[in-house]
Amino acid sequence: EAAAAARPARPATPAPAAPSVATRPPPRMLGETASIRLWHWPGQGPGTLVVFTPPSGQPAGPAGWWAQGLAARLGWTTIVFAAHAAHWYPAEEMATLLPLALAAMPQGPRLTYGLGMGGYAALKHGGALAAEATVALSPAWSIDPADMPGDARAHRVFDPRRNAGMAVRAAD
């Protein structure tokens, strides 16, 4: 213990600086479905941030989407699934967009991140995106009224053609 205390502390290695928003290329759209736009914002850093937005009510452009401030501060490559309708990231639409997202992501750790409906999607699609971790803020695990009889959202927005069988499962 005394020998360890006598050794000088190693200087901390500073984290790489996030690229400046001014020098970072703008996000570009990779794909679009009826209720989701998929954006890719190149960055630097050890990983990829994958954002699932809550519904915005209108199609998201390259700026102003939920969590863009966090993505800018972090500086990592960012993939954004931007929902403009409360359709809960339907499996059919995600089957179209997931391969595009995977093709755009560099090697390295991946973190999925979402709020509400986006939190659900971060949990549901984290496995398909090979995420090492997920931050899901206020997610529901299902939107099916049979699974969530007391949840008013389930009764209001569930569409059996679009949302059947979409509960979050352990395999997700």
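All of these numbers come straight from a predicted model, not from anything done at the bench. Throughout this description, residue numbers start from 1 for each chain and increase along the sequence as written. Side-chain atom pairs in this predicted model are given and counted only at pLDDT of 80 or more, local residue features only at pLDDT of at least 70, and totals for whole chains, interfaces and linings cover all residues. Side-chain metrics in this entry use all non-hydrogen atoms of the structure; hydrogen atoms and water are not considered.

(A) A look at the overall build of the protein chain. Regarding its fold elements, the protein chain presents 6 helices and 6 strands. Put simply, DSSP H or I for four residues or longer makes a helix, DSSP E for two residues or longer makes a strand, and each gets a number counted from the N terminus. Starting at the N terminus and ending at the C terminus, the protein chain contains elements arranged as α-β-β-β-α-β-α-β-α-β-α-α. Burial statistics for the protein chain: of 172 residues in total, 44% are counted as buried. Partitioning the intrachain contacts of the protein chain with sequence separation of at least 6 by distance along the chain shows that 65% fall at a separation of at least 24. Accessible surface is estimated by sampling points in the Shrake-Rupley manner with a 1.4 Å probe; for residues, cover comes only from the protein chains shown. As displayed, the protein chain offers around 8,900 Å² of accessible surface, 59% of which is attributable to carbon and sulfur atoms. Residue burial is assigned from relative accessible area. The probe radius is 1.4 Å, only protein chains are included, and a residue is buried under 20% of its type maximum, exposed over 50%, and partly exposed in between. Two residues form a contact once any of their heavy atoms are found within 4.5 Å.

(B) Looking closely at the pairing of strand 2 (residues 36–41). Of all 6 residues that make up strand 2, 6 are buried, and the element is covered over most of its length. Strand pairing requires that DSSP identify at least two bridges connecting the strands. Sheet topology note: the strand 1 (residues 28–32)/strand 2 ladder contains 4 bridges and is antiparallel. From the neighbouring strand, M29 faces strand 2, where its bridge partner is W39. In textbook terms, the turn of a hairpin is the stretch between consecutive antiparallel strands, and for strand 1 and strand 2 this stretch comprises 3 residues. Pairing of strand 2 with strand 4 (residues 77–83), which is carried by 6 bridges, proceeds in the antiparallel orientation. Its bridge partner being in strand 4, L38 is matched across the sheet by F81.

(C) Examining the pattern of salt bridges more closely. By convention in these notes, a salt bridge is any Lys or Arg side-chain nitrogen within 4 Å of a carboxyl oxygen on Asp or Glu. Considering all chains together, one arrives at 4 salt bridges under this definition. For D172, the salt bridge identified is with K124, shortest N-O distance 3.0 Å. Linking D172 in the segment after helix 6 (160–163) with K124 in helix 4 (residues 117–125), this pair joins segments that are 48 residues apart in sequence. Taking the relative accessible area as the measure of exposure, K124 reaches 15% and is therefore buried.

(D) Here's a closer look at unusual backbone geometry. Even without being a glycine, Y89 presents a positive backbone phi close to 50 degrees. Summarising the element assignment, Y89 is placed in the loop between strand 4 and helix 3 (91–104). Residue classification places Y89 among the buried residues on the basis of a relative accessible area of 2%. Positive phi is not limited to glycine here, since S138 has a value of about 55 degrees. Relative to the helices and strands, S138 resides in the loop between strand 6 (133–137) and helix 5 (152–157).

(E) A look at the sheet that holds strand 2. In space, the 6 strands of this open sheet follow the order 1-2-4-3-5-6, with mixed pairing throughout. Two strands close off the open sheet at either side, each with one partner strand: strand 1 and strand 6. The sheet shows a mean angle of 15 degrees between the axes of neighbouring strands, taken without regard to direction. Strand direction decides the pairing type here: strand 5 (residues 110–115) and strand 6, joined by 5 bridges, are parallel. Looking across to strand 6, one finds that Y113 is bridged to V135. Sheet strands touched by helix 3: strand 1, strand 2, strand 3 (48–52), strand 4 and strand 5. Its angle to strand 2, the strand with the most contacts, is close to 5 degrees. Note on method: axes are straight lines fitted to C-alpha atoms, helices fitted across the in-contact stretch only, with angles between N-to-C directions ranging 0 to 180 degrees.

(F) Structural view of helix 3. By definition here, a helix of n residues has an expected span of 1.5 Å times n minus one. The end-to-end C-alpha separation of helix 3 is 20 Å, in line with the 20 Å expected for 14 residues at 1.5 Å each. At L97, helix 3 shows its largest kink, close to 30 degrees, and the proline P99 lies no more than four residues downstream. Restricting attention to buried positions, one finds in helix 3 the residues E93, M94, L97, L98, A101 and A104. In this structure, the buried residues of helix 3 make contact with strand 1, strand 2, strand 3, strand 4 and helix 4. Two axes are fitted around each residue, one to the seven residues ending there and one to the seven starting there, and the angle between them is reported as the bend at that residue.

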